[in-house]
Protein chains: 2
Amino acid sequence: MRLDVDKERLVTTMEEQAAIGATDGGGLHRLTLSDEDKAIRDWLRDEMEGLGLDVRVDAFGNMFGRREGTEDLPTVLVGSHMDSQPYGGIYDGQLGVVAALELVRCLEREGIETEHPIEVVNWTNEEGSRYQPAMQGSGVWAGVHDIDEQYDQTDENGARFEDELERIGYKGDVPAEPTEEYEAYLELHIEQGPYLEEGGHDVGVVTGVVGFTWGAITFYGEADHTGPTPMEYRRDALVPAADVITQIRRIPGTLGERTVGSTGYIDAGPNSINVIPGEVTFTWGFRDPSDEVVEEAYQRVLAEAEAAAEREGVEWEHEERMRAPSVEFADQCVEAVAGAADDAGYDSRYIFSGAGHDATHMTSLMDTGMVFAVSDDGKSHNEAEHTSWEDCHAAVTTTVNAAYDLATEEP
Amino acid sequence: MRLDVDKERLVTTMEEQAAIGATDGGGLHRLTLSDEDKAIRDWLRDEMEGLGLDVRVDAFGNMFGRREGTEDLPTVLVGSHMDSQPYGGIYDGQLGVVAALELVRCLEREGIETEHPIEVVNWTNEEGSRYQPAMQGSGVWAGVHDIDEQYDQTDENGARFEDELERIGYKGDVPAEPTEEYEAYLELHIEQGPYLEEGGHDVGVVTGVVGFTWGAITFYGEADHTGPTPMEYRRDALVPAADVITQIRRIPGTLGERTVGSTGYIDAGPNSINVIPGEVTFTWGFRDPSDEVVEEAYQRVLAEAEAAAEREGVEWEHEERMRAPSVEFADQCVEAVAGAADDAGYDSRYIFSGAGHDATHMTSLMDTGMVFAVSDDGKSHNEAEHTSWEDCHAAVTTTVNAAYDLATEEP
């Protein structure tokens, strides 16, 4: 049978969660471990307990709500993340956690028991903005990151991750690692790109995630007066940074059809109109479905930085902060999603994810799949991020039924 | 006769003033209208009153200490500025104000009266870092800037200039304009460049100041997720900024032997590793002894910005914040300085100033001249700024005697 998701209730729930950390521009400013994050976690706990779920919080703040199955079978895990980018959108990963709640609501309403247990999950710090790396909570849980090292991460004000987690009261007792056997993980997320909308599709059946590299480069020059210092005496740290940033724009076009590259962050010091910048830090990021292409892009940006530093006579250093290999999703999950979309009469397309998600870490532990919701104009990570309630409903319906499929044994 | 400057007293005075707003790195962090600025102004007032000067503070915070002359003749004005760059050096303009105090000390010690009155001056906000424009106090006094507009300037935290001036108690009663007749203005400043040291000279006889243009450019793109947004969909505001910054490095070399160009300041938003920058502001600055070259540089940077905006498909705007024509100093001042250096046995050279100084504004009102002190390694606007006490003494001695020459009528 197909589970019907109540569209009005879905909208109400989305609006409720969007009110916590809402911005004037219609977006969301709910950084990990902030007071807004605490508030949404409290809200989520209430929702889960209200649905009769057994709630646990692990030592890294990942939240789970468990619904027992009728058989001693591995658990189907469904969820995403509730934290947001600075002045981000209200849909991002939030729709995915709400979809997991909707799954349980549908089952409760219909009085259905599934053979496999089901767990709703909210991962800590998926966004990687206030603290890095991104997908931090799922990464620790999957054993990719060492929990003590992650506890020691500090934000730009020097606040320690563990201290902040304790501050908001979400450093749980349960070890931050799988404490159950898992059948599969399913995550709904907005596409954050233009392909579904462009093609007039209702929902995306995600087949995998690109690989990527991120990091930071710092050039060390010499701060000096912009006026009387002749050009040949300068060691301007901003000029080589600008050189590399223009190359970051250019490198993708030389590598692949799907390759993307960007600089999202730059900081120059002392940042005064009359002073030659003495120290500049900026970030690189490259993504592609091919791991070889990602490695090539990484090597090229370092080569450009070396050349730029040489040219200007400055020192430099770099730090790769994130490298993730590309992943392909498991057949049973891709088929469950495609089947759920077809059964509901939706126009779907297969699509590769250009963004990393918590699902990326899950692939090393269990069969994993994702569903994409349409993103209007492909906008994301800003307040203009938008998915129509119609498209939200299509994506949530697909997710709920795909998860139901995975949690049910054929008779 | 030649006035002898007591070197030990000079060093003591320099060390006293350097203690107010001292940084751990041996520099000075004494931004205009800060508490440190208030403290140094109070110190200066005490020094001036202690020397029997008649102290007045004008409506823009410019401080004057007057020593009457024996004749009804125009006043010789000597001084510079006590404010500093963020984490700047202890010599910059501070040496020039101390030189003016030393002039009065020498005259008092020798019991000398001059025909012309003499005034010591400390100009408000020469640095133009916290508030713009630079040379703000002397500019208002010279009628170049409208005082009410300048009162309304805000710093990056939104604090209004006039409010801050009142906060530190230096919004004086006297109108911020010449209330005396002036014979000449003489200013000692560190060279901030490498030429005097390179040539092994003791002191610089400044013949003029370069012309310059400064301003800011803002590119408006669209913030979006760095991952799933294909390259051809991007409107990245940082890429055109980087393009223009690399051109700013390049334009001077195509224009003149003395042309310099820089970007001192850049700000990208939202400045998050995973988000394409949607708005970027950065500054340009070009200087050259030729006004035609300055205009050419200005036109070129705008042309580069236009091309970069077109290429990336972003909007842009610009604002020129400062344009100053190059100036030549008056013969009587240049000769007074050269003569003072020769009489004291110093090895001097004629030199053009690459930096704007309060003297720049004085040229429209009276005969103006400057003295340069040697800058070690040409370093300035950072904590490594340094002039040996020997070279300080040479420059102060030259300044004191040049001013004495200007203040004295031949018998």
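Provided above is the structure to which this section pertains.
Being a predicted model, the structure only gives us computed values, none of them experimental.

**Student:** Is there a simple way to explain helix H9 (residues 291-312) of chain A in this structure?
**Tutor:** In an α-helix, one turn spans 3.6 residues; hence positions three or four apart end up facing the same way. When the terminal C-alpha atoms of H9(A) are compared, their 32 Å separation across 22 residues agrees well with the 32 Å that a helix rising 1.5 Å per residue should span. When H9(A) is considered as a whole, its buried residues turn out to be A:Val293, A:Val294, A:Ala297, A:Tyr298, A:Val301, A:Leu302, A:Ala305, A:Ala308, A:Ala309 and A:Glu312. Tucked inside the fold, the buried residues of H9(A) contact strand S7 (211-220), helix H8 (238-250), strand S10 (279-288) and strand S11 (315-324) of chain A together with helix H8 (238-255) of chain B. Between the side-chain oxygen at the start of H9(A) and the backbone nitrogen of A:Glu292 there is a gap of 3.2 Å, and the oxygen is on A:Ser290. Positive backbone phi, at 75°, marks A:Gly313, one or two positions downstream of H9(A).

**Student:** Explain the packing of helix H3 (residues 94-110) of chain B against helix H12 (residues 389-407) of chain B to me, please; I cannot follow it from the model alone.
**Tutor:** How two helices pack is summed up by the angle between their axes together with the distance between the axes. Residue and element names in this part refer to chain B. Relative orientation of the contacting elements H3 and H12 amounts to 60°, with a least axis distance of 9 Å. As the angle between them shows, H3 and H12 are arranged oblique. The handedness of the crossing between H3 and H12 is right-handed. In this structure, H3 uses Leu95, Ala99, Glu102, Leu103, Cys106 and Leu107 to contact H12, whose residues at the interface are Cys392, Val396, Thr399, Val400, Ala403 and Tyr404. Looking at side-chain class alone, the contact of H3 with H12 contains 10 nonpolar, one polar and one charged residues.

**Student:** Help me out: how do you make sense of the interface of chain A and chain B in this one?
**Tutor:** Interface extent is often summarised as the accessible area lost during association of the parts. Tallying the contact residues gives 59 residues for chain A and 60 residues for chain B. Buried surface at the junction of chain A and chain B, summed over both partners, amounts to about 5,300 Å²; 56% is from carbon and sulfur atoms. A per-residue breakdown of the area chain A buries against chain B is headed by A:Met231, A:Arg249 and A:Ile273, which together make up 15% of the total. The tally of links from chain A across to chain B stands at two salt bridges. Of the charged contacts, one joins B:Glu312 and A:Arg249 as a salt bridge, the two residues approaching to 2.9 Å between their closest N and O atoms.

**Student:** Sorry, what's going on with a negative patch on the surface here?
**Tutor:** Residues and elements named next belong to chain A. Among the surface-exposed residues, Glu71, Asp72, Glu181, Asp342, Asp343, Asp405, Glu409 and Glu410 lie close enough to one another that they form a single negatively charged patch. Here aspartate 343 is to be found in helix H10 (residues 331-343). Look at aspartate 343 and you get exposed, because its relative accessible area is 59%.

What counts as what
- Residues numbered from 1 in each chain as written.
- Chains lettered and ligands numbered in written order.
- Predicted model: local features only at pLDDT ≥ 70, side-chain atom pairs only at ≥ 80, totals over all residues.
- Heavy atoms only, no water.
- Helix = DSSP H or I, 4+ residues; strand = E, 2+ residues; numbered from the N terminus.
- Expected span 1.5 Å × (residues − 1).
- Buried < 20%, exposed > 50% of the residue type's maximum accessible area, 1.4 Å probe, protein only.
- Contact = heavy atoms within 4.5 Å.
- Polar contact = N/O pair within 3.5 Å; in protein donor to acceptor, adjacent residues only side chain to side chain.
- Axes fitted to C-alpha atoms, helices over the stretch in contact; angles between N-to-C directions.
- Parallel < 35°, antiparallel > 145°, perpendicular 65-115°, else oblique.
- Left-handed = near helix turned anticlockwise from the far one by under 90°.
- Nonpolar A, V, L, I, M, F, W, Y, C, P; charged D, E, K, R; others polar.
- Buried area = accessible area lost by both parts, 1.4 Å probe.
- Salt bridge = Lys/Arg side-chain N within 4 Å of Asp/Glu carboxyl O.
- Patch = residues over 30% accessible without salt bridge, like charges linked within 9 Å, V, L, I, M, F, W, Y side chains within 5 Å.
- Areas by Shrake-Rupley, 256 points an atom, 1.4 Å probe, with all protein chains shown as cover.
- Lys, Arg positive; Asp, Glu negative; His and termini not counted.
- Charge placed at Lys NZ, Arg CZ, Asp CG, Glu CD.

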